[in-house]
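# Inside the fold
Chain residues, written in single-letter form:
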Amino acid sequence: MDKLSPIGNAIKEYKLNAGGGFGAWSRVPCAEHYRMHVPSMGFDVTGHAEVNDVIFGWLTDIGAQQELMDIVEFGDSVTCFLRITDKEGAVLEIVEVFQIDTEGHVSEIWAL
């Protein structure tokens, strides 16, 4: 988790404080029309409003608690390895890949 760029550090800080929900996420610099894909759930959303409604709505509904296991930055991608526990105690192990644009903003996210 060492030697991250400013955007990598912003993502790391959010993941370490994910209990802050959308308010914490909104501090991460994102392109205006960034996209987030969660194929396992059929989610494909664009921009802050949809991410807030769909992604954070789902995370709230399941009572998600995120634990950042590792974060790696390579070129213009930041990859987070997460363990998410829901309110029933089920554990999801997820990899999130954040694509970073030339301006240093998140332009696309894949949660796999």
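The coordinates are above.
Each value, and the rule that gives it
Residues numbered from 1 in each chain as written. Predicted model: local features only at pLDDT ≥ 70, side-chain atom pairs only at ≥ 80, totals over all residues. Heavy atoms only, no water. Pairing = 2+ DSSP bridges. Helix = DSSP H or I, 4+ residues; strand = E, 2+ residues; numbered from the N terminus. Axes fitted to C-alpha atoms, helices over the stretch in contact; angles between N-to-C directions. Contact = heavy atoms within 4.5 Å. Patch = residues over 30% accessible without salt bridge, like charges linked within 9 Å, V, L, I, M, F, W, Y side chains within 5 Å. Areas by Shrake-Rupley, 256 points an atom, 1.4 Å probe, with all protein chains shown as cover. Salt bridge = Lys/Arg side-chain N within 4 Å of Asp/Glu carboxyl O. Buried < 20%, exposed > 50% of the residue type's maximum accessible area, 1.4 Å probe, protein only.

Here we take up the sheet that holds strand β2 (residues 43–46). Here we have six strands laid out as an open sheet, ordered β2-β1-β6-β5-β4-β3, and mixed in their pairing. Strand pairing shows two members of the sheet lacking a second neighbour, β2 and β3 (65–74), which therefore form its edges. The mean inter-strand angle of the sheet, taken between neighbouring strand axes irrespective of direction, is 15°. When strand β4 (residues 77–85) meets strand β5 (residues 91–100), the two strands line up antiparallel, connected through nine bridges. Its bridge partner being in β5, Thr79 is matched across the sheet by Val97. Sheet strands in contact with helix α1 (residues 6–16) are β3, β4, β5 and β6 (106–111), and its direction is about 165° off that of β3. Contacting β1 (30–38), β2, β3 and β5, helix α3 (residues 47–62) runs over the sheet at an angle of about 145° to β2.

Turning to a nonpolar patch on the surface, a few remarks are in order. Side chains of Met69, Val72, Phe74 and Phe81 sit close together on the surface and give an oily, nonpolar patch of about 400 Å² of accessible area. Among the elements that take part in the nonpolar patch, β3 stands out by supplying three residues, more than any other. Accessibility expressed as a relative area gives 34% for Phe81, which makes it partly exposed.

It is worth spelling out the pattern of salt bridges at this point. Under the criterion given, the structure shown has three salt bridges. Across the pair Lys15 and Glu96 runs a salt bridge whose closest N-O atoms are separated by 2.6 Å. Residue Lys15 is located in helix α1, and its partner Glu96 is located in strand β5; the two are separated by 81 residues in the primary sequence. The same class applies to Lys15 as to Glu96, namely buried. Across the salt bridge formed by Glu93 and Arg83, the nearest N and O atoms sit 3.0 Å from each other. One end of the pair, Glu93, is in strand β5; the other, Arg83, is in strand β4, and ten residues separate them in sequence. Of the residues examined, Glu93 reaches a relative accessible area of 61% and is grouped as exposed. Residue class for Arg83 comes out partly exposed when judged on its relative accessible area of 28%.

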